[in-house]
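# Per-entry structural report
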Amino acid sequence: MEIYSQIHAMQLQSRRWQQAGQRISFVPTMGNLHAGHLALVEKAVELGERVVVSIFVNPLQFNDPADFAAYRRSLDADLDKLAPLEVDAVFAPPEDEMYPHGRDATTQVDVPALSGILEGEHRPGHFRGVTTVVAKLFNIVQPDVAVFGEKDFQQLRIIECMVADLDMPVEIIAMPTVREADGLAMSSRNSRLSASQRQLAPLLYQTMQEFRQHYLAAEGNIAQLQAQATAGLAQAGFVVEYFSLRRHEDLAPAKPGDRCLLLVAARLGETRLIDNLCME
Ligand code: PAF
């Protein structure tokens with residue numbers, strides 16, 4: 001497993017693989033790797049002859065500087081986790097390699113149709129930061145296929161939209177959310193929960209599953225069910241940012257009969273949890 005920190009060296013290697021006719025698969029990450037990331041990497045190993053993982057805590061996608069500062073950096077531990085997998089290269093650039101003219105001066109990529117709602121409403125500029133860095137990473141790694149988790153469903157849809165709109169020759173593969181035994185969706189942020197918050201956290205997914213049961217049994221209208229679930233979570237100590245049933249394809253508010261999924265964001269103390277559940 002080679003470690004690259006320079007864009008030019010990574011691009012050269014990718015070009016060599018392409019010239020040899022080898023399919024490159026790619027998993028972008030911000031490090032602090034857990035079993036959810038490793039499942040994405042295993043999928044990438046199945047899909048490509050060469051596998052690249054990037055590790056870069058992207059400052060552009062943090063709307064809160066304190067959150068950026070608190071984000072756990074664990075490069076050595078991450079490399080240890082990747083070493084037993086069939087990863088050919090890790091791209092782990094420093095910030096000034098990615099943004100040599102500074103964060104604010106860089107060209108940015110925006111997907112306006114989907115970036116201002118849900119997460120975008122609560123984290124202004126977040127998705128512009130994500131699409132900008134993912135577009136750069138695609139230009140650097142030049143993958144044939146890239147693997148993303150469904151846990152960040154809105155991010156996944158936005159990246160699919162970017163790839164389609166900008167004619168990027170990358171196939172996007174989505175992988176199901178990996179959960180802890182008690183149902184909590186795996187996330188790098190879970191390690192920031194206190195012991196009591198960690199005990200409470202699975203209630204989020206339980207409430208989502210209950211919502212789904214009531215929805216599928218047509219017990220109550222969507223607005224009532226959303227209000228009940230939000231009130232229950234608030235009573236338990238969550239600060240719910242959204243608990244919203246959305247249409248699958250464009251994330252517009254769902255109407256009866258739509259193919260839809262539930263998207264949720266809630267805070268426990270300082271830690272923000274997001275999750276989603278398909279209503280089928
Ligand atoms: O999902 C993430 O970890 C990040 O948003 C990504 C896609 C690596 C871009 O920084």
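Now for a look at the structure at hand. Just so it is clear, the structure is predicted and the values come from calculations on it, not from any experiment. (Residues numbered from 1 in each chain as written. Predicted model: local features only at pLDDT ≥ 70, side-chain atom pairs only at ≥ 80, totals over all residues. Heavy atoms only, no water.)

With that out of the way, let us pick up the sheet that holds strand 3 (residues 50-55). With respect to topology, six strands assemble into an open sheet ordered 1-4-3-2-5-6, the strand pairing being parallel. The open sheet has two free edges, formed respectively by strand 1 (2-4) and strand 6 (171-175), since each of these has just one partner strand. Here the average twist between neighbouring strands, direction ignored, is 25 degrees. Helix 1 (residues 7-19) contacts strand 1, strand 2 (24-29), strand 3 and strand 4 (89-91) of the sheet and is inclined by roughly 145 degrees relative to strand 4. In the packing of helix 4 (residues 75-82) onto the sheet, the strands contacted are strand 1, strand 3 and strand 4, and the crossing angle to strand 3 comes to about 160 degrees. (Pairing = 2+ DSSP bridges. Helix = DSSP H or I, 4+ residues; strand = E, 2+ residues; numbered from the N terminus. Axes fitted to C-alpha atoms, helices over the stretch in contact; angles between N-to-C directions. Contact = heavy atoms within 4.5 Å.)

The three strands lie next to each other as 7-8-9, forming an open sheet whose pairing is antiparallel. A single partner strand is all that each edge strand has here, and the edge strands are strand 7 (239-247) and strand 9 (271-278). Direction aside, neighbouring strands of the sheet carry axes that sit 10 degrees apart on average. Both strand 7 and strand 8 (residues 260-268) contribute to a ladder of eight bridges, which runs antiparallel. Bridged to L245 within strand 8 is L262.

The next thing to look at is the packing of aromatic side chains. A ring pair, where both rings are aromatic, is described by two values, the distance of the centres and the angle of the planes. Under the definition given, this model contains seven aromatic pairs. Between F138 and F148, the aromatic rings sit 6.5 Å apart at their centres with planes inclined by 70 degrees, giving edge-to-face as the arrangement. In this pair, F138 is assigned in helix 8 (residues 126-141) and F148 in strand 5 (residues 145-149), connecting sequence segments ten residues apart. The residues F138 and F148 share a single accessibility class, namely buried. (Phe/Tyr/Trp six-rings, centres within 6.5 Å; stacked < 30°, edge-to-face > 60°. Buried < 20%, exposed > 50% of the residue type's maximum accessible area, 1.4 Å probe, protein only.)

Here M208 lies in helix 11 (residues 203-216). For M208, a relative accessible area of 0% translates into the label buried. Counting along the chain gives 52 residues from M208 to C260, while the straight-line C-alpha distance between them is 13 Å.

With that settled, the discussion passes to the site of the ligand. Taken together, the residues surrounding the ligand are P28, T29, M30, Q61, V133, V134, F148, D152 and Q155. Q61 places a side-chain nitrogen or oxygen 2.7 Å from an oxygen atom of the ligand. For the ligand, an oxygen atom lies 2.7 Å from a polar atom in the side chain of Q155. Only strand 2 and helix 8 provide two or more residues apiece to the shell around the ligand. Tallied by class, residues from the shell around the ligand come to five nonpolar, three polar and one charged. (Near = heavy atom within 4 Å. Polar contact = N/O pair within 3.5 Å; in protein donor to acceptor, adjacent residues only side chain to side chain. Nonpolar A, V, L, I, M, F, W, Y, C, P; charged D, E, K, R; others polar.)

The buried fraction of strand 5 amounts to four of the five residues, a majority that puts the element mostly inside the structure. The pairing of strand 2 with strand 5 spans two bridges and is classified as parallel. Bridged to S25 within strand 5 is V145. Across five bridges, strand 5 lies against strand 6 in parallel orientation.

In this structure, M10, M98, F138 and I172 are the most contacted members of the largest nonpolar core, which totals 43 residues. At nine residues, helix 8 tops the list of elements feeding residues into this core. For I172, the contacting residues outside a window of four places in its chain are F138, A146, F148, L156, I159, E160 and V163. Of all hydrophobic cores here, the second largest spans 24 residues; its members include L193, L204, F238 and L262. (Core = buried A, V, L, I, M, F, W, Y, C linked by side-chain atoms within 4.5 Å.)

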